Amino acid sequence: MKYSINARQAPEAFGPYSQGTTAGRLVFASGQLPISAEDSRTLVPGGIREQTERVIDIIEGILDEVGCTLSDVAQTTVYLASLDDMDAMNEVYARRFTTPAPARAVVGVSELPLGALVEMDCVACR
């Protein structure tokens, strides 16, 4: 059975999609942008490190809603507006996702909504 996740710690979806869904033991978090906790239409201040921290905080909140943690994440996809930000993003990512780290793909994109530097989605297993 599929269930929609609506976490208070995460910004509302911008369009016709869920923050996340579950299907059996799997948890799917939609792509998350570094949206400010105070204003759902603005990004957190700072650069790639601050934005990566915020995105992972939001994903953590979505996972928490269904009893998961970052250690339950099996796979992530990271979208970067500039692949030059890879090293800085990796610094934050390595600190937040413990060993064994999830499987991961990193994709360079020409543009992200709101001018974000990073977006991330994930799949976790309960």
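Here the structure is a predicted model, which means the values were calculated and not measured.

Criteria and cut-off values
Residues numbered from 1 in each chain as written. Predicted model: local features only at pLDDT ≥ 70, side-chain atom pairs only at ≥ 80, totals over all residues. Heavy atoms only, no water. Helix = DSSP H or I, 4+ residues; strand = E, 2+ residues; numbered from the N terminus. Rg over C-alpha atoms; globule rule 2.2 N^0.38 Å. Buried < 20%, exposed > 50% of the residue type's maximum accessible area, 1.4 Å probe, protein only. Contact = heavy atoms within 4.5 Å. Areas by Shrake-Rupley, 256 points an atom, 1.4 Å probe, with all protein chains shown as cover. Patch = residues over 30% accessible without salt bridge, like charges linked within 9 Å, V, L, I, M, F, W, Y side chains within 5 Å. Salt bridge = Lys/Arg side-chain N within 4 Å of Asp/Glu carboxyl O. Axes fitted to C-alpha atoms, helices over the stretch in contact; angles between N-to-C directions. Left-handed = near helix turned anticlockwise from the far one by under 90°. Nonpolar A, V, L, I, M, F, W, Y, C, P; charged D, E, K, R; others polar. Pairing = 2+ DSSP bridges. Core = buried A, V, L, I, M, F, W, Y, C linked by side-chain atoms within 4.5 Å.

Peer 1: Help me out: how do you make sense of the overall build of the protein in this one?
Peer 2: Along its length, the protein carries two helices and six strands. What you see in the protein, going N to C, is helices and strands ordered as β-β-β-α-β-α-β-β. Against the compact-globule benchmark of 14 Å for 126 residues, the protein has a radius of gyration of 14 Å, which places it among compact chains. The buried share among the 126 residues of the protein stands at 40%. By sequence separation, contacts in the protein at least 24 residues apart represent 66% of the contacts at least 6 residues apart. Total accessible area on the protein stands at roughly 6700 Å², and carbon and sulfur atoms take up 51% of it.

Peer 1: Any chance you could explain the environment of L117 here in plain terms?
Peer 2: Locating L117 in the fold gives a position in the loop between β5 (103–108) and β6 (118–125). C-alpha of L117 to C-alpha of G67: the two residues are 50 residues apart in sequence and 29 Å apart in space.

Peer 1: Whenever I open this one, a nonpolar patch on the surface confuses me. Can you help?
Peer 2: A surface patch of nonpolar side chains, about 270 Å² in accessible area, is lined by F14, Y17 and L114. Structurally, the position occupied by L114 is in the loop between β5 and β6. Classification of L114 by relative accessible area gives partly exposed; the value is 42%.

Peer 1: How should I be thinking about the packing of helix α1 (residues 48–65) against helix α2 (residues 86–96) in this particular structure?
Peer 2: A pair of packed helices is characterised by two quantities: the angle between their axes and the separation of those axes. The geometry of α1 relative to α2 is characterised by a closest axis approach of 8 Å and an angle of 35 degrees between their N-to-C directions. Viewed along their axes, α1 and α2 form a crossing whose handedness is right-handed. Side by side, α1 and α2 meet where I48, R49, T52, E53, I56, D57 and E60 of the first sit next to A88, M89, E91, V92, Y93, R95 and R96 of the second. Here the contact of α1 with α2 is built from residues that sort into six nonpolar, one polar and seven charged.

Peer 1: How do you make sense of the pattern of salt bridges when you look at a structure like this?
Peer 2: Where charged atoms of side chains with opposite charge meet at close range, the side chains can pair. Enumeration according to the criterion identifies five salt bridges in this entry. The residue E91 makes a salt bridge to R49 at a minimum N-O spacing of 3.1 Å. Here the residue E91 occupies a position in helix α2, and R49 occupies one in helix α1, the gap between them amounting to 42 residues. With relative accessibility at 41%, the residue R49 sits in the partly exposed group. Between E60 and R96 there is a salt bridge, with its nearest N and O atoms 2.9 Å apart. Of this pair, E60 sits in helix α1 while R96 sits in helix α2; the two residues are 36 residues apart in sequence, bridging distant segments of the chain. For E60, a relative accessible area of 33% puts it in the partly exposed group.

Peer 1: What is the right way to read the pairing of β5 from this model?
Peer 2: The side chains of a regular strand alternate between both faces of the sheet. As paired strands, strand β4 (residues 73–80) and β5 are joined by six bridges and run parallel to one another. Bridging from a neighbouring strand, L80 pairs with G108 of β5.

Peer 1: When you look at the nonpolar core in this model, what are you seeing that I'm missing?
Peer 2: The nonpolar side chains of a soluble globular protein tend to be buried with one another. Counting 26 residues, the largest nonpolar core has I59, I62, L63, V78, F97 and M120 as its most contacted members. Of the residues forming this core, the biggest block, seven residues, is contributed by α1. Setting aside residues no more than four positions away along its own chain, I62 makes contact with I5, A7, A10, Q19, A29 and Q32.

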